[in-house]
Amino acid sequence: MSVKKKFLDYFASKNHLIIPSFSLIPLNDPSLLLINSGMAPMKKFFLGQAKPPSSRIANSQKCIRAGGKHNDLDDVGYTKRHHTFFEMLGNFSFGDYAHQEAIDMAWDFLTNNLNLPCEKLHITVHPSDKKSLEIWKKTPNVIHDNIVFEKENEWSAGEEGPCGVCTEIFYDHGGHIPGDITQGDRFVEIWNMVFMTDNVFNGVKTKLDKPCVDAGMGLERMEALCNGTNDNYEAPFFANMIKLISKNDIDNINNRIVADHSRSIVFMIDAGVSPDSEGVGYVLRKIIRRAIRRSINNNSIEICIDYIINNMSNDYPSLLKNREKIIKVFHDEKMQFLNVYNQGICKLNDYIDQGEIDEEKVFELYDTHGFPYDISFEIMKEKGISYDYDKFEKMTKKQKEFSKLKKYHVESKNRITEFVGYDCEKIESKILDIQKNDKTYILLDKTPFYVESGGQKSDSGIIETDSGVFEVEDMQKNDHEIWHIGKIIKGSIELGQTVTAKVDNIKRKGLKQHHTATHILMSILRKKFGNSVLQKGSSVKEDSLRLDFSMNDLIDQDSLKETTMEINRVIQDNIEISTNVTDYESAVKQGALITEKNYPNEVRVLKIGDISTELCCGTHVRSTGEIGLFAIKSHKSVASGIKRIEAICGMSAVNYYLYSEKQGKLSKSDDVENSAKSINRKEIKISNLNILIEQYSNANAKYLLGESDKYIKMHDLVILTNDKNAILVKVGDKIVKDAAEILRNIGGKGGGNKNLAQGKIEKINFNDIIDKFMSESEGMI
Ligand code: SER
């Protein structure tokens, strides 16, 4: 029997609910790019934000540690037991059992079920954790001399979230292997029990309502141990894979890296990730590049991908479904990378041969040729060339600050463009410089065009001369130079010409409306919910606004309505907006709300009557009446303690009130429909699937059916319930499972066909349905 099965069977026998792995992509958790531990997808249960499907859960969770707080990328291949992708077997208690039972079960499973010899097991305990220490000492057959204190025994998945002290179990592979419990290959950590007591947020710890247990055992290490080795790559799964790409050269670092990284590649693409220049897509790109560099044969990674899909699809059936996609995404990225790689590696080798390689050269290769710096450093490390990573990082930081403003490459010569866009949207001006590569870049001496900053998007518009017309698509600021980026759409444009620069005033109007509305929204939220509500980010577009703010609980429907009402009242009151430029200190004296950390000495204060005073360099309406109308489109949680409102103004809001589906139903005459009301709504994205779960009050089955017809056009799976016991499941083409099966999986009774199932569910609780859905979702869709 496999270790995984033994583990899950054991904890099932201890009354744990066995659930499938959650997706590798965290849901609503911006603090993590990828799930990096068994507990990460269950944070909401630890924090009491959602009810777990059981107070005892066990599973095997897909994890990737290739960035952030837990990053094993650089160790992979060099050690016997590090991986980017791995499976974490875990048992969890949400306010159920605590130290005693957690330790008892761990010890029982290891010694009685896996039959590990007690004397081989060593234990670390946090010095403050007297409870665990006492329990370990009283546990039969624990060798007291094998218990040591370890002050680093504290655990959390990221910089924020649930955390606590932990006690770990190590296996001693024997004195012939060098190392002690803190380093080397002799002692391998096989079990970690975290006693979750706190939630850390912004560096501040608050107590959890109920203490919880998060215990984890790395599957690959255990597989190795049960196969009599301390080397994960010698266990059959990896050894057999490596045999396929080399003549069984397991010790070769390159082969280990290729085998390991191929699993991350397979599972990340399976989870819907595509290679990209930032975020999780960048992690995938980096892993693909490192794997390519290490593959000795041209098609080693392809062979591994095939092996992994064939050998892991029993546990993860989606791998079979996504086989083609996985192969294609990898192949496209490989082809693109090989071009950059082949050029860069020649240059790098030249620098190395001539003894010229240093941080600056690595930076140059990276900045101008796109050659990955981690690969340069890796090669330097292999060749024994020392380097100062901090020095390199300083260079990239400087460049990043610059390139935040500098998406496009234009040569800046410290000229000055005067921004006149607060007072006008059209102006005569002179061309100071024109540059061309893939796009055309025009520098003016004066411009009404706003460059993206403070969340407000850039203006677009046109620049006209006697001889031609230029369409402005984007803007960029380089120091004091303001560049207009776009294309000549008529005739020609020459250096030195006089131009008319004209902002697209319809777009500008939308930007102004949404920007001023963002300030009003912020002030009304603070007025209603207190000054602890602070702005955490915003995005102002011509047709929508998004505001992120600190708040613990979601705002209820009634308060959202009141907020909408109050904002529209401010709009009706047509309050005048004024600005003044002053120094930072007097702005603070004027009561300006400070939302960012660093402000220059000279700041612009924007006042909306006595409603709001903020520092802001954006463009705004002259009086609130110009906003016209305000509507909240959505409200949700984006991170623990951070909520988001998306709203629209002006004609976009008029359209929304007139035509949106939610509002549309108000005008229907049917009695039920007139009073049916959405009381809970959750949109979930799993891989590339859009899932809607919504609950209504005063809705009958016919009404749910009507709604599902509308929603299925924009979603792949729709689950609707009322507040009695009716439930409906409708599925689109991308879902493999039948609607009737999904209905049953979430606990409903009833029937239907592939696309539609209707039935009843006992004691409907919206959160229970979501939890049930989330925990079963892997097999379900
Ligand atoms: N979260 C802990 C770990 O990953 C225990 O599961 O080590």
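Since this is a predicted model, take the numbers as computed values, not measurements. (Residues numbered from 1 in each chain as written. Predicted model: local features only at pLDDT ≥ 70, side-chain atom pairs only at ≥ 80, totals over all residues. Heavy atoms only, no water.)

Draft legend 1. Quick peek at the packing of helix H6 (residues 236-245) against helix H7 (residues 253-270). Running from N to C, H6 and H7 cross one another at 115 degrees; their axes reach a closest spacing of 10 Å. As judged from the angle between their axes, H6 and H7 are roughly perpendicular. As H6 runs across H7, the sense of the crossing is right-handed. Across the interface between the two elements, Phe237, Phe238, Met241, Ile242 and Ile245 from H6 touch Asn255, Arg256, Val258, Ala259, Asp260 and Arg263 from H7. (Axes fitted to C-alpha atoms, helices over the stretch in contact; angles between N-to-C directions. Helix = DSSP H or I, 4+ residues; strand = E, 2+ residues; numbered from the N terminus. Parallel < 35°, antiparallel > 145°, perpendicular 65-115°, else oblique. Left-handed = near helix turned anticlockwise from the far one by under 90°. Contact = heavy atoms within 4.5 Å.)

Draft legend 2. Local environment of the pairing of strand E7 (residues 161-172). Most of E7 sits out of view: 12 of its 12 residues are buried. In terms of strand pairing, strand E4 (residues 121-125) meets E7 through five bridges, oriented antiparallel. Opposite Thr124, over in E7, you have Glu168 as the bridge partner. With three bridges joining them, strand E6 (residues 154-156) and E7 adopt antiparallel strand pairing. Across the sheet, the residue bridging to Glu154 is Val165, located in E7. With antiparallel pairing between neighbouring strands as the criterion, E6 and E7 make up a hairpin whose turn holds four residues. As paired strands, E7 and strand E10 (residues 187-201) are joined by 12 bridges and run antiparallel to one another. Within E10, the position partnered with Cys166 by the bridge is Val194. (Buried < 20%, exposed > 50% of the residue type's maximum accessible area, 1.4 Å probe, protein only. Pairing = 2+ DSSP bridges.)

Draft legend 3. Quick look at empty space enclosed by the protein. Following the criterion strictly, the structure yields one cavity of 30 Å³ or more and no others. Lining the largest cavity, in full, are His173, Val188, Ile190, Arg221, Ala224, Leu225, Thr229, Asn230 and Asn232. Broken down by secondary-structure element, the contributors of at least two residues to the lining of the largest cavity are E10 and helix H5 (219-226). When the residues that make up the lining of the largest cavity are grouped by side-chain class, the tally is four nonpolar, four polar and one charged. (1 Å grid on protein atoms, 1.4 Å probe; cavity = no way out; pocket = protein on both sides within 12 Å on 5 of 7 lines; lining within 4 Å. Points joined across faces, edges and corners; volume = space filled by probe spheres on them. Nonpolar A, V, L, I, M, F, W, Y, C, P; charged D, E, K, R; others polar.)

Draft legend 4. The sheet that holds strand E13 (residues 426-436), seen in detail. Strands sit in the order E13-E14-E18-E17-E16-E19 around a closed barrel of six strands; the barrel is antiparallel. The sheet shows a mean angle of 45 degrees between the axes of neighbouring strands, taken without regard to direction. The sheet contact formed by E13 and strand E19 (residues 498-503) spans five bridges and is antiparallel. Among the inter-strand pairings, Lys426 is bridged to a residue of E19, identified as Lys502.

Draft legend 5. Main features of the environment of Phe363. By the secondary structure assignment, Phe363 is in helix H12 (residues 359-369). Leave out the neighbours within four places in its chain, and Phe363 touches Phe392, Met395, Thr396 and Gln399.

Draft legend 6. Local environment of the pattern of salt bridges. Inspection of the entire model under this criterion finds 44 salt bridges. Lys4 is the partner of Asp315 in a salt bridge, and the nearest nitrogen-oxygen pair spans 2.3 Å. Of this pair, Asp315 sits in the loop between helix H9 (300-312) and helix H10 (318-321) while Lys4 sits in helix H1 (residues 3-13); the two residues are 311 residues apart in sequence, bridging distant segments of the chain. A salt bridge links Glu707 to Lys710; the nearest nitrogen and oxygen atoms lie 3.0 Å apart. (Salt bridge = Lys/Arg side-chain N within 4 Å of Asp/Glu carboxyl O.)

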